[in-house]
Amino acid sequence: MHRTTGITSRRRTMAAISRILVLAMAALAAMAAPAAAATPTTDGTPVLHFAADGTDRLDGSLEANRSVVVDYDLARLSRCRNQYAGGDAWSIGVYYRVDGGPITTQAVTRLDENRHNVKVPVSIDLPLGGQDLELWFHAGDRTGCSEYDSRSGANYHYAIGQPAVATFGADWSESVTGTIRAGHGLTIRYDTARLPQCRETYHGVAAWHIDVLFRFDGGPVQSQALTGAHGAPVPTTVDIAPGARELELWFRVTGQRSGCTAYDSDFGADYAYTIA
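These figures come from a predicted structure and were not determined experimentally.

A. View of the packing of aromatic side chains. Enumeration according to the criterion identifies 12 aromatic pairs in this entry. Seen in terms of ring centroids, Tyr72 and Phe137 are 4.0 Å apart; in terms of plane orientation they differ by 25°. Their pairing is stacked. One end of the pair, Tyr72, is in strand E3 (residues 67–72); the other, Phe137, is in strand E11 (residues 132–141), and 65 residues separate them in sequence. Judged by its relative accessible area of 0%, Phe137 is buried. Aromatic rings pair up to connect Phe50, Tyr72, Phe137 and Tyr156 into one cluster. Lying over the aromatic face of Trp90, Arg81 brings its terminal NZ or CZ to 3.9 Å of the ring centre. Sitting over the ring of Trp208, Arg199 keeps its end group 3.9 Å from the ring centre.

Here's what the structure looks like:
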């Protein structure tokens, strides 16, 4: 349960925050951008639906190092619906955490051009190695009304599947844990020490990046970034195409100022993997 000995204090704090946010929303209503209450377009991203009848449903499957969209019907929390100056003065937020870690919140409501709330699909990133996604919802308005949707305090829990992981070490080792499967993800962890070339800087900041290039069954080449700010390595997940039978991948470092490039491609043979 998310309620602890200090839950009363936390509820009061959440209610106070909610009142402040709602007042700010009312004051800025004239500046609110139009928003539509449409079902989110997910392009294969799994969706957690919370329907008006109190049920919840997962379309797709949760996988670490990928994201999930939360689609919440606002009719589930309908008690706190104060109005102010002809517009809605209430809001609903989703609170979530992975494996009991820090709590994050995002709004699932937004004022439209008429200052009425519509639902907003929320995207949640699932960290690599995460096992359990826990979430609940809270509604509040400017009067201090507070209401929860938390499966009677137990919260909503969803198991996070683990993708196959391909690791490329600084010692030139390569290994894969798990099974590479069509329609699922393959997370790539790459040690940037394998490509030390083209390490340019600009005003003291790294001006180079490393990408993974890949293709399925000899098809078009695609790429994804493997480094972030200051050249820090960032694990990336490649979506394995449905029906694919073989994956080829290789790596490229690029100097952003000079265009310098170097490759890690198993001496031109590329790294090839059979897809289950």
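Having seen the model, we can carry on.
B. Region of interest: the nonpolar core. Phe168, Leu186, Ile188, Leu249 and Phe251 are the most contacted members of the largest nonpolar core, which has 26 residues in total. Mapped onto this core, the elements with two or more residues apiece are strand E14 (164–168), strand E16 (185–190), strand E19 (208–216), strand E22 (246–255) and strand E24 (271–274). Top contributing element to this core by residue count: E19, with 5 residues. Grouped together as the second largest cluster of nonpolar side chains are 25 residues, Val94, Ile124, Leu135 and Tyr156 included.

C. Structural context of the state of the cysteines. Evaluation of the coordinates by the stated rule reveals 2 disulfides. A sulfur-sulfur separation of 1.9 Å characterises the disulfide bridge that pairs Cys80 with Cys145. Linking Cys80 and Cys145, the disulfide has an S-S dihedral of approximately -70° and is accordingly described as left-handed. Residue Cys80 is located in the loop between E3 and strand E4 (83–84), and its partner Cys145 is located in the loop between E11 and strand E12 (146–149); the two are separated by 65 residues in the primary sequence. Grouping residues by exposure puts Cys80 and Cys145 together as buried. For Cys198, the disulfide goes to Cys260, at an S-S distance of 1.9 Å. On the S-S bond that ties Cys198 to Cys260, the torsion sits near -60°, and the link is left-handed. Separated by 62 residues along the polypeptide, Cys198 in the loop between E16 and strand E17 (201–202) and Cys260 in the loop between E22 and strand E23 (261–264) bring together distant segments of the chain. By relative accessible area, Cys260 is classed as partly exposed at 29%.

D. Spotlight on the pairing of E16. Of all 6 residues making up E16, 5 are buried, and the element is well covered by its neighbours. Summarising the sheet, E14 and E16 pair through 5 bridges and their orientation is parallel. Residue Phe168 lies in a different strand from E16, and its bridge partner there is Tyr190. Strand direction decides the pairing type here: E16 and strand E21 (residues 236–239), joined by 4 bridges, are antiparallel. By the bridge assignment for E21, Gly185 is matched with Asp239.

What counts and how
Residues numbered from 1 in each chain as written. Predicted model: local features only at pLDDT ≥ 70, side-chain atom pairs only at ≥ 80, totals over all residues. Heavy atoms only, no water. Phe/Tyr/Trp six-rings, centres within 6.5 Å; stacked < 30°, edge-to-face > 60°. Helix = DSSP H or I, 4+ residues; strand = E, 2+ residues; numbered from the N terminus. Buried < 20%, exposed > 50% of the residue type's maximum accessible area, 1.4 Å probe, protein only. Lys NZ or Arg CZ within 6 Å of the ring centre and 35° of its normal. Core = buried A, V, L, I, M, F, W, Y, C linked by side-chain atoms within 4.5 Å. Disulfide = S-S within 2.5 Å. Pairing = 2+ DSSP bridges.

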